[in-house]
Amino acid sequence: MKALSIAKIDEGSINEDAAKATERGIAVSDGAGGGGVFADRWSKYLVEHLPDEPITDYGGFDKWIDGIWEAFYNECEAVAKEEGGMFLNKFYDEGSFATIVAVWNNGQWISYGDSVAFCYDKDTGTLQHTFGRITDFNNPPYLVNCKDPTDEKGFKCGRFEIHGNSVVFAASDSLAHYILMMYELAHKDCYADELQEAINAQTKDSNFVKTGMSLRKIDFEKKVLQKLLHCRNNGNFLQHLRSLRKKGLIGHDDYSLVIM
């Protein structure tokens, strides 16, 4: 088990991601600082308050959020009142936002937003994941708010088929995009249409796909997955992500990786 999480490289900013790995499962939450306040607190709160037993449907997810939001809201309201003014108004108007993805040790997973869980089978070289098409990263993600109801349309759940030689892990959005992109590039024949769709979208992510297309034959397991899995601590993780940024393969963001 491993949980790695770093803030935006060379920016000195607060890490708004939260990552957790225990014997019962793994989770990543990406606090969305573009709206509301206390994004870093909310992401940490979500991963720390995940239930030990798997959530298996939207009703269970909604019940979980309904049971935990109020304590967080009251605590942050007190802090916001000390700040007062526009900060307090922003908290009242917008609250706090974050994604959540979690996998329990039986393979059951939930997802709300664009953090992604994966299950890679070393025997077959196949990658299961909780996301849709790679171009879906261009869409605004669904976000859990500390004061507003969730939307069932943003909730996904399922169960990974885990075998003896499977690796289960999860990542926040920019790192997840890199992982999914590199897997598709390693299997270009199967994902040619999807990769071309990503390039045609002409977004910042399109540039990463174009750069990846210029690479020679990609060994996903050896060159992508193993390099991430072998990061022993946040220092190694930082060095590796800095290298990927210099190569133009990944966006500028907070990065989190959890491994079961």
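What comes next concerns the included structure. (Residues numbered from 1 in each chain as written. Predicted model: local features only at pLDDT ≥ 70, side-chain atom pairs only at ≥ 80, totals over all residues. Heavy atoms only, no water.)

**Here's the deal with the layout of surface pockets**
Unoccupied space between atoms shows up once a probe the size of one water molecule is rolled over them.
Turning to step 1, where the next piece is worked out: Put simply, the largest pocket is a space of about 400 Å³.
Turning to step 2, where the next piece is worked out: In terms of lining, the largest pocket is formed by 23 residues, of which the most central are D30, D114, D173, S174 and D253.
Turning to step 3, where the next piece is worked out: Those elements that provide at least two residues to the lining of the largest pocket are α4 (173–186) and α6 (204–213).
Turning to step 4, where the next piece is worked out: Partitioning the lining of the largest pocket into residue classes produces five nonpolar, nine polar and nine charged. (1 Å grid on protein atoms, 1.4 Å probe; cavity = no way out; pocket = protein on both sides within 12 Å on 5 of 7 lines; lining within 4 Å. Points joined across faces, edges and corners; volume = space filled by probe spheres on them. Helix = DSSP H or I, 4+ residues; strand = E, 2+ residues; numbered from the N terminus. Nonpolar A, V, L, I, M, F, W, Y, C, P; charged D, E, K, R; others polar.)

**A word on the packing of aromatic side chains**
Turning to step 1, where the next piece is worked out: Counted by the stated rule, this structure contains 20 aromatic pairs.
Turning to step 2, where the next piece is worked out: For the ring pair Y112 and Y142, a centre distance of 5.9 Å and an interplane angle of 65° mean the geometry is edge-to-face. Of this pair, Y112 sits in strand β6 (residues 108–112) while Y142 sits in the loop between β8 (126–129) and β9 (144–145), and the two are 30 residues apart along the sequence.
Turning to step 3, where the next piece is worked out: You can call Y112 buried: its relative accessible area is 2%.
Turning to step 4, where the next piece is worked out: In this structure an aromatic cluster arises from ring pairing among F38, W69, Y73, F87, F91 and Y92. (Phe/Tyr/Trp six-rings, centres within 6.5 Å; stacked < 30°, edge-to-face > 60°. Buried < 20%, exposed > 50% of the residue type's maximum accessible area, 1.4 Å probe, protein only.)

**So, the packing of helix α1 (residues 39–48) against helix α2 (residues 58–83)**
Turning to step 1, where the next piece is worked out: Their axes nearest at 11 Å, the elements α1 and α2 cross at an angle of 145°. In this structure, α1 meets α2 at a crossing whose hand is right-handed. In this structure, α1 uses R41, W42, Y45 and L46 to contact α2, whose residues at the interface are W64, I65, I68, W69, A71, F72, E75, C76 and V79.
Turning to step 2, where the next piece is worked out: Of the residues that constitute the contact of α1 with α2, the class distribution is eleven nonpolar, no polar and two charged. (Axes fitted to C-alpha atoms, helices over the stretch in contact; angles between N-to-C directions. Left-handed = near helix turned anticlockwise from the far one by under 90°. Contact = heavy atoms within 4.5 Å.)

**A word on the pairing of strand β7 (residues 116–121)**
Turning to step 1, where the next piece is worked out: Of all six residues in β7, six are buried; the element is thus mostly enclosed.
Turning to step 2, where the next piece is worked out: By the alternation rule, side chains of β7 split into V116, F118 and Y120 and A117, C119 and D121, which are all buried.
Turning to step 3, where the next piece is worked out: As paired strands, β7 and β8 are joined by four bridges and run antiparallel to one another. Bridge pairing in β8 links C119 to Q128.
Turning to step 4, where the next piece is worked out: Connecting β7 to the antiparallel partner β8 that follows it, the hairpin turn spans four residues, and G125 within it adopts a positive phi of roughly 75°. (Pairing = 2+ DSSP bridges.)

**A look at the sheet that holds strand β1 (residues 2–6)**
Turning to step 1, where the next piece is worked out: Reading across the sheet, the five strands line up as β1-β12-β11-β7-β8 and stay open at both edges, with antiparallel pairing between neighbours. Edge positions in the sheet fall to β1 and β8, since each has one partner strand and no second. Shown here is a sheet whose adjacent strand axes are inclined to one another by a mean of 20°, direction ignored.
Turning to step 2, where the next piece is worked out: In the packing of helix α8 (residues 234–246) onto the sheet, contacts are made with β1 and β12 (255–259), and the angle to β1 comes to roughly 55°.

**Re α6**
Because an α-helix packs 3.6 residues into every turn, residues spaced three or four apart end up facing the same way.
Turning to step 1, where the next piece is worked out: Where α6 is concerned, the buried positions are D205, S206, F208, V209 and G212. Viewed along the axis of α6, the buried residues span an arc of 160°, placing them on a single side of the element.
Turning to step 2, where the next piece is worked out: Structurally, α6 contributes buried residues whose contacts are with α4 and α5 (188–200). (Arc of directions from axis to C-beta.)

**Focus on α5**
Turning to step 1, where the next piece is worked out: Largest kink in α5: about 35°, centred on E194.
Turning to step 2, where the next piece is worked out: Inspection of α5 places E194, L195, A198 and I199 among the buried residues, and these make up the whole buried set.
Turning to step 3, where the next piece is worked out: For α5, the secondary structure elements touched by its buried residues are α4 and α6.
Turning to step 4, where the next piece is worked out: Downstream of α5 by one or two residues, Q202 has phi in the positive range, about 55°. (Bend = angle between axes of the 7 residues up to and from the residue.)

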